[in-house]
Amino acid sequence: MRRLRPLFLVLFTLLLILPSVHAVSQYVGYTSGQAGAGTDGPTSVNYGIGLWLQSPLTGIMSSVSFTTSTSLPVRVLVSSITGTPASTSYGCSGGTCKANTAGQTVTLRDNEALSGLSANTFTTVSLAAPVAVTANNWYAVTFTASAGGGQPVLKLCSSSCPSSSIIDAEIDFGGTNPSISSTFSTITGDLAEVNVGATFETGSSPVSFVTQCYGNCGSPAVTLASTNSTHGTNWNLSITQFYAAQSNLNGFIVNVTVPVARAYTNGNGLTLGLYSVDSSCSNQPFSPSCPGFLQSSQSFTNPSKGNAVMILHFAISNGQWFGVSVSGNFQGLDLNDTNTNAHLLQVAGRTPNTITAYSDLGNRLTGLYGFVQGNTVTGTGPNPPGCGTVQCYLSSFVTALGGGILGGLAAFGILFGLLGGLVLYATRQHDSNGHIVGYAVPMEFLLVIAVLLLIGLSVAGVLPPYIPLIVIGLVAWMFTSAIWGGRHKNTTGA
């Protein structure tokens, strides 16, 4: 047994000093169980209300949570600030709360439309564009309404809410759809603690969002054919062809793509474009009353065979129309087809700034498409959802112990103590006086339990996957040393 003690010391020392590859997720803010009966809403459609939250780690803000009221918020906006937000204290829910003071400069990091919400429901939205965060920095999670005057869009917290580590946020965004990376100013809020929170994750954590292909993607998307129906298209006439699409997601258009069928060295090429119609427009899209405006374009001269891709980050709302376009340099441009037909539209000019009229070319196979990355809305009801799986319970247990590798090691210590103690208690042996004189189970069996428990925690994802390898290596070394030492002792004794 004396041999085992230094081995365990070495093992735990290695676990503490080696970097953790386990993904960490931590929720900051208020939960569904803390929602109260009161409501709140911004006094202007240009204002966002919510909370300032301090990031516990460096990584991303992957989702936001909030309890809706009788009306529903229309956008979630995440902002950052340099340093700690200046604040004033006020009495709230039987405690002391904080609210940001006016005139502080913030930078908008994310702006996403919301739909699919339900009234009076604790809701989690997985962001389509997770926000990069730095440990100990502050981030405002705010929401806007479709009308001012304090339209009730969020529930207030109950008496369990007051926290000195959370600050009320209210920001004037100067419009209903502010631009990401722009700066804005805080305003004096109405001193109300809303039921809001956010989930922060390390960069190695998986991100949850939805992606959808629009245009002519093929079926299933993306499915290409070896044909190229654009070979005879007379691009010399200065024309642009495009597919119109209506998004059914709130999120971002992340690319426009066209598959080039062969490589070019003769100066031929193409220009990709992205057009959008104002989301408030209810008439025929790409018409004089609802024009399509060019948002981005990129030229490709002498492209290689394969996909020509224009990378984007353009915000789009559910129901909003947009167009993905291509314009060739001159005739002979070969673009791959897909296996499905879609109505291809055409307009005069090479990637014009606006489209107010077009001709319909009918069903065509030209491969031209874009991907929209959207947020997902999950309504979890008035109370937090249950776990239901062993892995989920273990993860929650580790999070309650502080999370990360230290939380995992604490969980291992507690579980090993319980299992080991149970085994020793069940196998204890007594002398005639009732004193414990030993145990029926070999002490090495405790090492087996420890190894199996570490492997189980690693498989469950609450400890890094390299730990079982370290343990197995150390156990193998220990037994090899024991056998070699015993043989050497016998040889010396002979």
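Residues numbered from 1 in each chain as written. Predicted model: local features only at pLDDT ≥ 70, side-chain atom pairs only at ≥ 80, totals over all residues. Heavy atoms only, no water.

### Regarding the overall build of the chain
Then step 1. Looking only at helices and strands, the chain features 5 helices and 29 strands.
Then step 2. Residue burial in the chain is summarised as follows: out of 494 residues, 47% are buried.
Then step 3. A sequence separation of at least 24 residues applies to 84% of the contacts in the chain between residues at least 6 apart.
Then step 4. Carbon and sulfur atoms make up 56% of the accessible area of the chain, which totals about 22300 Å². (Helix = DSSP H or I, 4+ residues; strand = E, 2+ residues; numbered from the N terminus. Buried < 20%, exposed > 50% of the residue type's maximum accessible area, 1.4 Å probe, protein only. Contact = heavy atoms within 4.5 Å. Areas by Shrake-Rupley, 256 points an atom, 1.4 Å probe, with all protein chains shown as cover.)

### As for the sheet that holds strand S26 (residues 368-374)
Then step 1. The sheet built from 4 strands is open, its strands ordered S15-S26-S18-S21 with antiparallel pairing. For this open sheet the edge positions go to strand S15 (210-216) and strand S21 (306-316), each flanked by a neighbour on one side alone. Going across the sheet, the axis of each strand differs from the next one's by a mean of 20°, ignoring polarity.
Then step 2. The pairing of strand S18 (residues 251-260) with S26 spans 6 bridges and is antiparallel. Directly across from Val256, in S26, lies its bridge partner Gly370. (Pairing = 2+ DSSP bridges. Axes fitted to C-alpha atoms, helices over the stretch in contact; angles between N-to-C directions.)

### What to know about a nonpolar patch on the surface
Then step 1. Together, Leu401, Ile414 and Leu418 line one region of the surface with nonpolar side chains, adding up to about 260 Å² of accessible area.
Then step 2. Relative to the elements of secondary structure, Ile414 occurs in helix H3 (residues 404-426). (Patch = residues over 30% accessible without salt bridge, like charges linked within 9 Å, V, L, I, M, F, W, Y side chains within 5 Å. Salt bridge = Lys/Arg side-chain N within 4 Å of Asp/Glu carboxyl O.)

### Some words on the sheet that holds strand S27 (residues 376-379)
Then step 1. Spatially, 5 strands are ordered S1-S14-S4-S9-S27 in an open sheet, and the strand pairing comes out antiparallel. For this open sheet the edge positions go to strand S1 (25-29) and S27, each flanked by a neighbour on one side alone. Neighbouring strand axes in the sheet, compared pairwise and without regard to direction, differ in orientation by 25° on average.
Then step 2. Direction of pairing for strand S4 (residues 59-67) relative to strand S9 (residues 122-133): antiparallel, over a ladder of 8 bridges. Across the sheet, Ser65 pairs through a bridge with Thr124, a residue of S9.

### Some details on the nonpolar core
Then step 1. If you look at the biggest cluster of nonpolar residues, it comprises 33 residues, and the most contacted ones within it are Met61, Val64, Phe66, Val141 and Phe143.
Then step 2. Sorting the residues of this core by element identifies strand S3 (47-54), S4, strand S5 (75-80), S9, strand S10 (138-144), strand S11 (154-157) and strand S14 (196-201) as the ones contributing at least two each.
Then step 3. Considering every element that reaches this core, the biggest residue donor is S9, with 4 residues.
Then step 4. With near-sequence residues (within four places) excluded, Val64 lies in contact with Val76, Thr123, Thr124, Val125, Leu127, Val141, Phe143, Gly197 and Ala198. (Core = buried A, V, L, I, M, F, W, Y, C linked by side-chain atoms within 4.5 Å.)

### Remarks on the pattern of salt bridges
Then step 1. As enumerated under the stated definition, the model contains 1 salt bridge in all.
Then step 2. The salt bridge partner of Asp334 is Arg262, with a shortest N-O separation of 3.2 Å. With a gap of 72 residues between them, Asp334 in the loop between strand S22 (321-328) and strand S23 (337-348) and Arg262 in the loop between S18 and strand S19 (269-277) connect regions that are remote in the sequence.

### Some words on the side chain of Ser325
Then step 1. You can see Ser325 is positioned in strand S22.
Then step 2. Accessibility expressed as a relative area gives 0% for Ser325, which makes it buried.
Then step 3. Leave out the neighbours within four places in its chain, and Ser325 touches Thr240, Gln241, Phe242, Thr271, Leu272, Gly273, Tyr275 and Leu368.

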